Amino acid sequence: PTVPGGATVLLLRNRQKDRPLDVRALRLLTLDLLEAMGLQAELGVQFVSPKAMARVNWRFLQHEGTTDVITFDYGSTAERLHGECFICVADAVTQAEAFGTTWSDEVVRYVIHAILHLRGYDDLKPDLRRIMKREENRWVRWATRRARQDPTER
């Protein structure tokens, strides 16, 4: 079902205890990101434990184990996203150590990654992965600049 008037609906749910999340800040960032991309959305974002992620991964994709982010598209269009994503914060911690970044920056990257999937980007083939990664990095830089901005300038 769609929301009358095309309003953006964004639901974030923290279902993990690996790291404390500032869900309010993530919500504001995601809303700003959607606006900057010129999108409206009906989007659910669930932050889960490795165990919960492994269950989702097996149930819907028949893949064993945990993963960083899984995105489900429920009928997105060019102007309006409609989907849900699951983000494993513990995987963000592991990836941050491997890439020399922070786990919270990795979580933001995963939110951006999910939104790009809902916009039609694909990362299954190397050439498509490069295109998606380039766009992902562009929006990560945008998010980093935004985070440094004075809140009154937004």
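Data block above holds the structure.
So, here's what we can say about the structure. Please read all numbers here as calculations on a predicted model, not as lab measurements. (Residues numbered from 1 in each chain as written. Predicted model: local features only at pLDDT ≥ 70, side-chain atom pairs only at ≥ 80, totals over all residues. Heavy atoms only, no water.)

A short note on the nonpolar core
At step 1: Residues Val45, Phe47, Ile87, Ile112 and Ile115 are the most contacted members of the largest nonpolar core, which totals 33 residues.
At step 2: Secondary structure elements with two or more residues in this core: β1 (9–14), α1 (23–36), β2 (40–48), β4 (80–88), α3 (89–99), α4 (103–118) and α5 (126–148).
At step 3: The leading source of residues in this core is α4, at 9 residues.
At step 4: Dropping the residues within four chain positions of it, Val45 is found in contact with Leu10, Leu11, Leu12, Arg13, Cys85 and Ile87.
At step 5: Membership of the second largest hydrophobic core comes to 9 residues, among which are Ala52, Ile70, Phe86 and Cys88. (Core = buried A, V, L, I, M, F, W, Y, C linked by side-chain atoms within 4.5 Å. Buried < 20%, exposed > 50% of the residue type's maximum accessible area, 1.4 Å probe, protein only. Helix = DSSP H or I, 4+ residues; strand = E, 2+ residues; numbered from the N terminus. Contact = heavy atoms within 4.5 Å.)

Here we look at the pattern of salt bridges
Proximity of charged atoms lets side chains of opposite charge pair with each other.
At step 1: Evaluation of the coordinates by the stated rule reveals 5 salt bridges.
At step 2: Where Arg80 meets Glu42, a salt bridge forms, and the shortest distance between an N and an O atom there is 3.4 Å. A residue pair is termed long-range when its members are at least 10 positions apart, and Arg80 in strand β4 and Glu42 in strand β2 qualify at 38 residues. Neither Arg80 nor Glu42 differs from the other in exposure class; each is buried.
At step 3: The residue Glu136 makes a salt bridge to Lys133 at a minimum N-O spacing of 3.0 Å. Here Lys133 and Glu136 lie together in helix α5, a separation of 3 residues that amounts to about one turn.
At step 4: Overall, the relative accessible area of 2% leaves Glu136 in the buried class.
At step 5: Through salt bridges that share partners, Arg109, Lys133 and Glu136 make up one connected network. (Salt bridge = Lys/Arg side-chain N within 4 Å of Asp/Glu carboxyl O.)

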